[in-house]
Amino acid sequence: MKTIRYILQKEFIQIFRNRTMLPIIFLVPILQLVVLVHAATLEMKKIEMFVVDNDLSGTSRELVNKFSASPFYVVEQVGFSVKEAEESLKQGSVDVILVIPSDFEKKLHKEENAKVQLLVDAINGAAAGLIYAYSHSIIADYSNQIFLELSRGLIRGPETISLTTTYWYNPDLNYKIYMLPGILVILVTLIGMFLSALNLVREKEMGTIEQINVTPIRKYQFIIGKLLPFWIIALFELAFGLTIGKLFFHIPIEGSLLLLFGFASVYLIAVMSIGLFISTISSTQQQVMFLSFFFLLTFIMMSGIFTPVESMPDWANYVNIANPLAYFMRVIRMVLLKGSGFWDISREFFAMTGFATIMLTLAVWRYRKVA
Amino acid sequence: MTAPAVWVENISKKFDRVKAVDRVSFAVQKGELFGIIGPDGAGKTTLIRILTTLLLPDEGKATVAGYDVISSYKKVRHLIGYMPGRFSLYQDLSVEENLEFYATVFGTTISENYELVRDIYKHLEPFKNRLAGKLSGGMKQKLALSCALIHKPELLFLDEPTTGVDAISRIEFWDMLKRLKKRGISIIVSTPYMDEALRCDRVALMQEGRFLDIDEPEKIIGKYDKKLYSIHTTEPYLLMENLRENVDIQSVIPFGDHVHFTTRKDVEIDPGDLQEALIAKGFKDIAVKIIKPGIEDCFMDLMNIEPQ
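About the thresholds
- Residues numbered from 1 in each chain as written.
- Chains lettered and ligands numbered in written order.
- Predicted model: local features only at pLDDT ≥ 70, side-chain atom pairs only at ≥ 80, totals over all residues.
- Heavy atoms only, no water.
- Domains from an automatic or database assignment.
- Helix = DSSP H or I, 4+ residues; strand = E, 2+ residues; numbered from the N terminus.
- Polar contact = N/O pair within 3.5 Å; in protein donor to acceptor, adjacent residues only side chain to side chain.
- Contact = heavy atoms within 4.5 Å.
- Buried area = accessible area lost by both parts, 1.4 Å probe.
- Salt bridge = Lys/Arg side-chain N within 4 Å of Asp/Glu carboxyl O.
- Phe/Tyr/Trp six-rings, centres within 6.5 Å; stacked < 30°, edge-to-face > 60°.
- Buried < 20%, exposed > 50% of the residue type's maximum accessible area, 1.4 Å probe, protein only.
- Lys NZ or Arg CZ within 6 Å of the ring centre and 35° of its normal.

Draft legend 1. Spotlight on the domain arrangement of chain A. Each assigned domain of chain A is listed here: domain 1 (2–40 + 173–366) and domain 2 (47–150). Just the C-alpha atoms count here: the centres of domain 1 of chain A and domain 2 of chain A sit 48 Å apart.

Draft legend 2. Representation of the side chain of A:Asn323 in the model. All names here are of chain A. Residue placement: Asn323 occurs in the loop between helix H12 (314–319) and helix H13 (324–338). Polar contacts involving the side chain of Asn323 include one to the main-chain carbonyl oxygen of Phe299, which spans 3.0 Å. Of note is the side chain of Asn323, whose polar atom sits 3.0 Å from the backbone nitrogen of Leu325. Those residues in contact with Asn323 that lie beyond four places of it in its chain are Phe299, Met302 and Ser303.

Draft legend 3. Region of interest: the interface of chain A and chain B. Taken residue by residue, the interface counts 21 residues in chain A and 24 residues in chain B. Overall, the association of chain A and chain B removes approximately 2200 Å² of surface from exposure, summing both partners, and the carbon and sulfur fraction of that is 60%. Together, A:Glu210, A:Gln211 and A:Val214 form the three largest contributors to the area buried by chain A at its contact with chain B, with a combined 29%. Inspection of the chain A/chain B interface yields three salt bridges. A salt bridge links A:Arg17 to B:Glu97; the nearest nitrogen and oxygen atoms lie 2.7 Å apart. In this assembly, chain A and chain B are joined by twelve residue pairs in polar contact (both at pLDDT 80 or more). The set of elements that each furnish at least two residues to the side of chain A that touches chain B consists of helix H1 (2–17), helix H7 (175–206) and helix H8 (208–213) of chain A.

Draft legend 4. Up close: the packing of aromatic side chains. Inspection of the entire model under this criterion finds 22 aromatic pairs over all chains. Measuring from ring centre to ring centre gives 5.6 Å for A:Phe263 and A:Phe328, while their planes differ by 25 degrees; the resulting arrangement is stacked. Remark: A:Phe328 occurs in helix H13 and A:Phe263 occurs in helix H10 (residues 257–281); sequence separation between them is 65 residues. Both residues of the pair, A:Phe263 and A:Phe328, count as buried. On the numbers, 6.2 Å between centres and 90 degrees between planes, the contact of A:Phe342 with A:Phe350 is edge-to-face. When its relative accessible area of 28% is taken as the criterion, A:Phe342 is described as partly exposed. An aromatic cluster is built from A:Phe263, A:Tyr267, A:Phe328, A:Phe342, A:Trp343, A:Phe349 and A:Phe350, whose rings are joined through pairwise contacts. A:Lys10 extends its terminal NZ or CZ atom over the ring of B:Phe101, reaching a point 5.5 Å from the ring centre. For the cation-ring pair, B:Arg170 lies above B:Tyr193, with the distance from its terminal atom to the ring centre recorded as 4.0 Å.

Structural data, given as structure tokens:
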């Protein structure tokens, strides 16, 4: 016990003496939360539109006004040539083209079907889908309005189903509230897996392990002494990140923080074991970097930080059974946004406990063998 | 009867196909200063790492202070101090923090064993708050020795402690070892510098994983049975080329501005005749003498004969 305390003491001196460590602990989370939460958003704010209005009638102008009045659209250019518009789309200076043919108003007055055309830049498929949906709803609204005006209430239109929607757990569909917990998960993982693996392999790279190995320090004492500081720092980081989230982004904290930190503690043991494992198969910090990057990127991309895991193919869902990030990503959102209690996340909790046990056993076994 | 400090029987260790240590046996008595001399790659580090419980031998048995290095490795670790060839203390901890850390993990304190390291540590004391990574080479070496001694070990293993250290620091270092030996600490030290052999009680000459000879340095010199010639010259390279053409001459070895050589068995060369012959060939400032062998001549001779 005493020995572990001495190792811890030494570790903390080294960590706080390291010039890059303090910025990593304090500055990186602030930057990541502030920058990423704003940047990693799927909301469309400024859709740039090219309008080809060949009708130049009151009706067509009003349709264009509907778009420019919307907060999502900016009518960037107006012209008469579809070719010119296509050129702009190709150059990427506009996202969408609205083509209004010359007989637009005439057809409406003749009570015929009038047509408009939308050309959407679909390089980003998700964005294209959103642009289409937004545009469609604007045109449909306008179409409804024209129908009512033209009929002047003489003809009663067909009864329509009116739809009222309420968004639960995130009523304003605030994307930041969804993203912030996800980015916190990445932060905690980075510290737990990456920094602890780097720290362990540093002893090998610098040769200090040689001197440690001839001392009576036992392997388990060494591992605990090396990992515990990062376990503490990572939990601190989670608290720090939640505070920033609460103060600056007003994220809701519906569930129990104790439950969240309890889960995070187990989760950290799992990712630190992965870190320990990586450190046993590497001999330099560079190798650790490449290996951790591979694991981290895969884990992050599949964890459901941007896109729901449910919409991934079946095989991805199977892979995610072994992806600790996917569990924590789900749990942190459930606890913070939904207020889930222990029994709601018990499945994840037990899965994570099992994962941590297996990973730790594997890593320690491997560590004993090679070191 | 107490157990010898180190007792090794038929230790071997292979890395892939290379035999780093090949059936080595020897014993070191308590309080002895034992040197393992050999060129780079001879297997010195591997042997020391086996004895310090860092490496498992493929075969053979070894005990340190009477304890088996495999089955009683925990016991051994308490009794030994080890200074690896590469500086392996924490560069981002200060001098004092390093010493304190190694004292505490052995369950002791600096003050408890201070008088053992005082001679060495007193040079470091003015810099005790400096980070270990910022020390000069000689200082680093003193700190490493202090850390290896702070738990009052019975045995000290030093792997090439003087490699990369200036000549004066080397002499100082050997003086320190002599003082430690007086306190009853057995010391096993490896070095590639043959001249350092003379500072040891006994030396083993190691080459390609095997011990060529183990003895007191004076006795090794005494065993030398050939006539040794030395030529002072300003052109050693040209002279060596020339001497090697002579069928009577066996081995030609450069020693700074001298060239040493031996003759084949039962052949004697008169120094005066050779000197004249060489002057006739255009060599200037030539002086041929018969000399007494030094320890380096003996090692060179041993290494030339053994591998065949």
